[in-house]
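Examination of the molecular architecture
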Amino acid sequence: DAGVTQSPTHLIKTRGQQVTLRCSPKSGHDTVSWYQQALGQGPQFIFQYYEEEERQRGNFPDRFSGHQFPNYSSELNVNALLLGDSALYLCASSLVGKNTEAFFGQGTRLTVV
Amino acid sequence: QQQVKQSPQSLIVQKGGISIINCAYENTAFDYFPWYQQFPGKGPALLIAIRPDVSEKKEGRFTISFNKSAKQFSLHIMDSQPGDSATYFCAATEERSSNTGKLIFGQGTTLQVKP
């Protein structure tokens, strides 16, 4: 049973560019949440997708957007990258109604230079 | 009010010793408190979790103690092993009132268990 898979594992982008990160949820899961983990900090909730719609959003600017596909996979898009966007981006999947039982992927390490 | 404060930031324990990590919260609507373990280059993995209707939960060498009146909870790792060396995060969420399970994480504790 494949767990949560994220791609790519590492990414280097230049300030001002746009980036797309991808997540495939654990088999049987229908909900995807995205978190940003800055170096030495705990993860911070960006947003959650269920039924291809954003259900809740954390305190992140509109430069951060997402999408969920009919197969439950998800993308996180960040526009106009800033140096401060450098972080580990984590995807967590869960089953609706059991969202506290979330499984995390290994993350995508984004470095903005 | 959404914060979860975690301490200490780092911890060094001898093999066989007890590791203790503490967390405090302010939002009384939080009703689910998980602990996550994260190894370098990996995502967080759920270790153990507690709900406020009990004061303690034990799973193997890992125990959560919960003090509802003080709004504090802690993780105890008994007989700590070098393989326990990792970063530990406490978290909290409003399980009953939220339909998303949005997790609020503490800042993390880096544990090193010396052989």
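Heads up: these notes are all about the structure in this document. (Residues numbered from 1 in each chain as written. Chains lettered and ligands numbered in written order. Predicted model: local features only at pLDDT ≥ 70, side-chain atom pairs only at ≥ 80, totals over all residues. Heavy atoms only, no water.)

**Observations regarding the overall build of chain A**
Where we set the bar: What counts as a helix is a DSSP run of H or I of at least four residues, what counts as a strand is a run of E of at least two, and both are numbered from the N terminus. Radius of gyration: C-alpha atoms only; globule rule: 2.2 Å multiplied by the number of residues to the exponent 0.38. Using a 1.4 Å probe on the protein chains alone, a residue whose accessible area is under 20% of its type maximum counts as buried, one over 50% counts as exposed, and one in between counts as partly exposed. The contact definition used throughout considers only heavy atoms, calling two residues in contact when any of these lie within 4.5 Å. Only the protein chains shown count as cover for residues, with accessible areas throughout obtained via the Shrake-Rupley method and a probe of 1.4 Å.
Helix and strand counts for chain A stand at zero helices and 11 strands. Each helix and strand of chain A, ordered N terminal to C terminal, gives the series β-β-β-β-β-β-β-β-β-β-β. Over its C-alpha trace chain A gives a radius of gyration of 13 Å, about what one expects of a compact globule, namely 13 Å for 113 residues. Each of the three principal axes of chain A carries a C-alpha extent, and together these read 40 × 25 × 25 Å. The proportion of buried residues among the 113 residues of chain A is 50%. Contacts in chain A between residues far apart in sequence, at least 24 positions, make up 54% of those at least 6 positions apart. Per element, the accessible surface of chain A, about 5300 Å² overall, is 49% carbon and sulfur.

**Regarding the nonpolar core**
Here is the rule: Nonpolar cores are built from buried Ala, Val, Leu, Ile, Met, Phe, Trp, Tyr and Cys residues. Side-chain atoms within 4.5 Å join them into one set.
In this structure, Val4, Phe33, Trp35, Phe73, Leu75 and Tyr88 of chain B are the most contacted members of the largest nonpolar core, which totals 25 residues. Of all the secondary-structure elements, those providing two or more residues to this core are strand S2 (10–14), strand S3 (19–25), strand S4 (33–38), strand S5 (45–50), strand S7 (62–67), strand S8 (72–77), strand S9 (86–92) and strand S11 (109–114) of chain B. For tyrosine 88 of chain B, the residues in contact, after removing those within four places along its chain, are Gln6, Ile21, Tyr36, Gln37, Leu47, Leu75, Ile77, Gly108, Thr109 and Leu111 of chain B. Judged by nonpolar contacts, the second largest core, of 20 residues, contains Val19, Tyr49, Leu76 and Leu81 of chain A.

**What about the sheet that holds strand S1 (residues 5–7) of chain A?**
All names here are of chain A. Spelled out, the test is: Any two strands between which DSSP finds at least two bridges are classified as paired. To obtain each axis, a line is fitted to C-alpha atoms, and for helices this fit is confined to the stretch in contact; angles are then taken between N-to-C directions over 0 to 180 degrees.
Taken together, four strands build an open sheet; the order of strands is S1-S3-S8-S7 and the sheet is antiparallel. The sheet is open, and its two edges are formed by S1 and strand S7 (64–68), each paired on a single side. Strand after strand, the sheet turns through a mean of 20 degrees between neighbouring axes, direction not considered. Examined bridge by bridge, strand S3 (residues 19–24) and strand S8 (residues 74–78) share five bridges and lie antiparallel to one another. Following the sheet pairing, cysteine 23 is matched in S8 by serine 74.

**Observations concerning the state of the cysteines**
Residue and element names in this part refer to chain A. Definition in use: What counts as a disulfide here is a pair of cysteine sulfur atoms lying within 2.5 Å.
Enumeration according to the criterion identifies two disulfides over all chains in this entry. Cysteine 23 shares a disulfide with cysteine 91; S-S distance 1.8 Å. A torsion of -60 degrees about the S-S bond marks the disulfide between cysteine 23 and cysteine 91 as left-handed. Here cysteine 91 lies in strand S9 (residues 87–95) and cysteine 23 lies in strand S3, a separation of 68 residues in the sequence. By relative accessible area, cysteine 23 is classed as buried at 2%. Residue class for cysteine 91 comes out buried when judged on its relative accessible area of 0%.

**As for unusual backbone geometry**
In this model, serine 7 of chain A is joined to proline 8 of chain A through a cis peptide bond whose omega is -10 degrees. Structurally, proline 8 of chain A can be placed in the loop between S1 and strand S2 (10–13). The amide bond that connects serine 7 of chain B to the next residue, proline 8 of chain B, takes the cis arrangement and shows omega of -5 degrees. Looking at the secondary structure, you find proline 8 of chain B in the loop between strand S1 (4–7) and S2. The backbone phi angle of tyrosine 72 of chain A is positive, close to 80 degrees, even though this residue is not glycine. Notably, aspartate 79 of chain B is not glycine yet its phi reads approximately 45 degrees, a positive angle.

**Structural notes on the pattern of salt bridges**
Residue and element names in this part refer to chain A. Formally: One speaks of a salt bridge when a side-chain nitrogen belonging to Lys or Arg is within 4 Å of a carboxyl oxygen belonging to Asp or Glu.
Within this structure, the stated rule accounts for six salt bridges over all chains. Measuring nitrogen to oxygen at the nearest pair gives 3.4 Å for the salt bridge that ties glutamate 75 to arginine 22. Taken as a pair, glutamate 75 in strand S8 and arginine 22 in strand S3 lie far apart in primary sequence, 53 residues in all. A relative accessible area of 18% means that glutamate 75 is categorised as buried.

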